[in-house]
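A look at the structure
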Amino acid sequence: MSRSRADQVSRVRRIAALGQIINATECLSQSKLYGPRGIMRGQAIACKSPLARRLPRVARLLDTRAGATALHLTNLACGVAALVAPHRRSVRTVTAAGSLIVSALERQRNPYGRDGSDQMQGVIHWYDVASAPLPTDKGDDLFLRAINAQLAVSYAASGLIKLVSDDWRSGRAFGLVMRTRMYGDPRVARLIDSHPWIGKAVCWQTIAWETCYPISYFLPRRFRPLTSIGTKAFHVSIGYFMGLPRFIWAFGATHPAADYVLDQKARVGAARFERRTATALAATAGVGVVAAALDHARHRSIRRAGQVSETAQVADGGLVEHRFLASEGRARALVVLENGLGAPMEGWDWVAQDLRRDHDVLLYHRPGYGATTTTLPPADIIRGLLAHRDRAAAPVILVGHSLGGLIARHALDTSPALRDRTRGLVLVDASDPRTIDEMVRSPERIGKVRQALLLDRIGSLLGTTLAQQAMLDDVDYRGSVQRLFGAFSRHFGTVHTAGAELSRYGALAAELPPSVGCPSLVVAAGRGTDGAAAHTAAQQKLASEVGAPCEVVEGAAHRSILGMAHHARAVSSHIRSFTTEVLA
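Okay, so let's go over this structure. (Residues numbered from 1 in each chain as written. Predicted model: local features only at pLDDT ≥ 70, side-chain atom pairs only at ≥ 80, totals over all residues. Heavy atoms only, no water.)

The strand order β1-β2-β4-β3-β5-β6-β7-β8 describes an open sheet built from eight strands, whose pairing is mixed. Lying at the two open borders of the sheet, with one neighbouring strand each, are β1 (310-313) and β8 (550-553). For this sheet, the mean angle separating the axes of adjacent strands, direction not counted, is 25°. The sheet contacts of helix α18 (residues 403-414) involve β3 (334-338), β5 (396-401) and β6 (422-428), and relative to β5 the element is tilted by about 140°. (Pairing = 2+ DSSP bridges. Helix = DSSP H or I, 4+ residues; strand = E, 2+ residues; numbered from the N terminus. Axes fitted to C-alpha atoms, helices over the stretch in contact; angles between N-to-C directions. Contact = heavy atoms within 4.5 Å.)

Below is the structure:
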């Protein structure tokens, strides 16, 4: 029997509230994890989060265990209120808004520790707040339809991500998860080791179920119980085997919305419902594609019009987009800045502006990026730009960030002419050739990278890529530079070229000799995805291999070492001291 719209809304909020209460209670019971030495300790000040930069006193308070406790208690209170009075719209709106504020503060306090269940809870709260200004009937209808659409997109996107993953297609993924201490089950892991076909079957069943979930809306009514039971069993299995019961409540809260939409199908007629659904999906995708195309066209026109840079013709007749910043004083050397994988030359803005006080600075885009059309290798491009700028005799300091460090080393190794001109090499949180080579040779690791790049390509075309947001979260440039940085990172050409570059230089990584042929310096970020100690040790090992000292920029991460002004000034200071030493 179908339920009323108001009943379905109450069911959504009650189930979501139960999950919220369980989550808050669990966090309160593990308060030690949020203390100064706990894994969930406050990092707002250490990471210089946006809140810490604007409201440092609030950030310091949040970083304490008491701050975390206050957030969990607020979350608990919101959950209890929503559970008790899910039918009262004012209570729903206030508790949803409160929960969103708590979630935002928790992300500022510590960016880790969240998963898909937290994201789905956040989606429910957002839609509750967004639908509040509408009349009750229309608002509730929009709320349920929006949650249902999010559910379908979440399942389909998750399935597609797994479909392009080597680990999932080969059947390794389920076994790998079951072997982890946090999410695994040793009994299941042993079973899969003995019978690998079980892991493959589970992987493909999951891929098929998630990818094809949207098709369930078009099935005859008699299949609805089977679909509903299968969906609930799926999340109960995840909750039991992976120790993630929060997924049961977060995604279970969306199922009343799906029931509501399917009830509407019975009322308006299957054919009309299917036409509406197909039209809505096509319109949604179309809006995303058009918006992305306009964004790409605008960015391309800015680049080609020379509003932020200029182009120069090089030996093969192609163009190189570049910027030359003449020294404001007497130039001690010419610093050439080599970008990381998929990064624009604007990423060096803070460093370049500081260095130009007593250095000439050259920035450029490699082939395939921005307005660069040449196919020449970086070494030939640099030599061509030096000649174009009439700096053929200037001493060169070559600086590379991330994969740009490996590319700079390759340029020196393959071009004696450039090597003779270069007085020093600075590697800023650079990629280790051996690590890149190991990644390329590992089907699992390179498969994950290719999967991410493929999804970014699709997202770039549809206007849904999250890659640029991840980059923007870790940088804080001047307004115009920040916009250019974001537009560049989400551009389809950028993502496509990054994939090609990784394949090319990944294959060449093993051929690089340990020696770089000139004085060198390694400037490392103080923290990385593998932890501060491990990241620093890896960079120190790289420095030892190339025979260079290693300077650590404390508190900096891989992107923020260039993207945050105070970290960038530390980098330029190290480059300036290095230049003084090698030119003495």
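Okay, back to it.
On to the pairing of strand β4 (residues 360-364), then. The buried count for β4 comes to five of five residues, which makes it a mostly enclosed element. Burial along β4 is two-sided: the residues Asp 360, Leu 362 and Tyr 364 and Val 361 and Leu 363 are all buried. The sheet contact formed by strand β2 (residues 319-325) and β4 spans four bridges and is antiparallel. In the sheet register, Leu 325 faces β4, and the bridge partner there is Val 361. Handedness of the crossover joining β3 and β4 through helix α16 (residues 349-355): right-handed. (Buried < 20%, exposed > 50% of the residue type's maximum accessible area, 1.4 Å probe, protein only. Right-handed = clockwise from strand over helix to strand, strands pointing away.)

The next point concerns the packing of aromatic side chains. This model, assessed by the stated rule, comprises four aromatic pairs. When the centroid spacing of 5.2 Å and the interplanar angle of 40° are considered together, the rings of Tyr 477 and Phe 485 count as tilted. The two residues Tyr 477 and Phe 485 agree in class, both being buried. An aromatic cluster is defined as three or more aromatic residues linked by ring pairs; in this entry it consists of Tyr 155, Tyr 213 and Phe 251. Across from the ring centre of Phe 143, 5.3 Å away, lies the NZ or CZ of Arg 92, which sits over that ring. (Phe/Tyr/Trp six-rings, centres within 6.5 Å; stacked < 30°, edge-to-face > 60°. Lys NZ or Arg CZ within 6 Å of the ring centre and 35° of its normal.)

The next subject is a nonpolar patch on the surface. On the surface, Ile 215, Leu 219, Phe 223 and Leu 226 cluster together into a nonpolar patch covering about 360 Å² of accessible area. Structurally, Ile 215 can be placed in the loop between α11 (196-211) and α12 (224-241). (Patch = residues over 30% accessible without salt bridge, like charges linked within 9 Å, V, L, I, M, F, W, Y side chains within 5 Å. Areas by Shrake-Rupley, 256 points an atom, 1.4 Å probe, with all protein chains shown as cover. Salt bridge = Lys/Arg side-chain N within 4 Å of Asp/Glu carboxyl O.)

What follows deals with the pattern of salt bridges. Tallied over the entire structure, the rule returns 17 salt bridges. For the salt bridge of Arg 92 with Asp 140, the shortest nitrogen-to-oxygen distance reads 3.3 Å. One end of the pair, Arg 92, is in helix α5 (residues 89-109); the other, Asp 140, is in helix α7 (residues 136-163), and 48 residues separate them in sequence. Grouping residues by exposure puts Arg 92 and Asp 140 together as buried.

With that settled, consider α5. The terminal C-alpha atoms of α5 lie 30 Å apart, and with 21 residues this matches the ideal 30 Å at 1.5 Å per residue to within 8%. Looking only at α5, the buried set comprises Arg 89, Val 91, Arg 92, Thr 95, Ala 96, Gly 98, Ser 99, Leu 100, Val 102, Glu 106 and Arg 109. (Expected span 1.5 Å × (residues − 1).)

Attention shifts here to the side chain of Asp 349. By the secondary structure assignment, Asp 349 is in helix α16. Polar side-chain contacts of Asp 349 include one of 2.8 Å to the side chain of Arg 478. Non-local contacts of Asp 349, meaning those with residues more than four positions away in its chain, are made with Arg 323, Tyr 477, Arg 478 and Val 481. (Polar contact = N/O pair within 3.5 Å; in protein donor to acceptor, adjacent residues only side chain to side chain.)

Read these as geometric descriptors, not functional statements.
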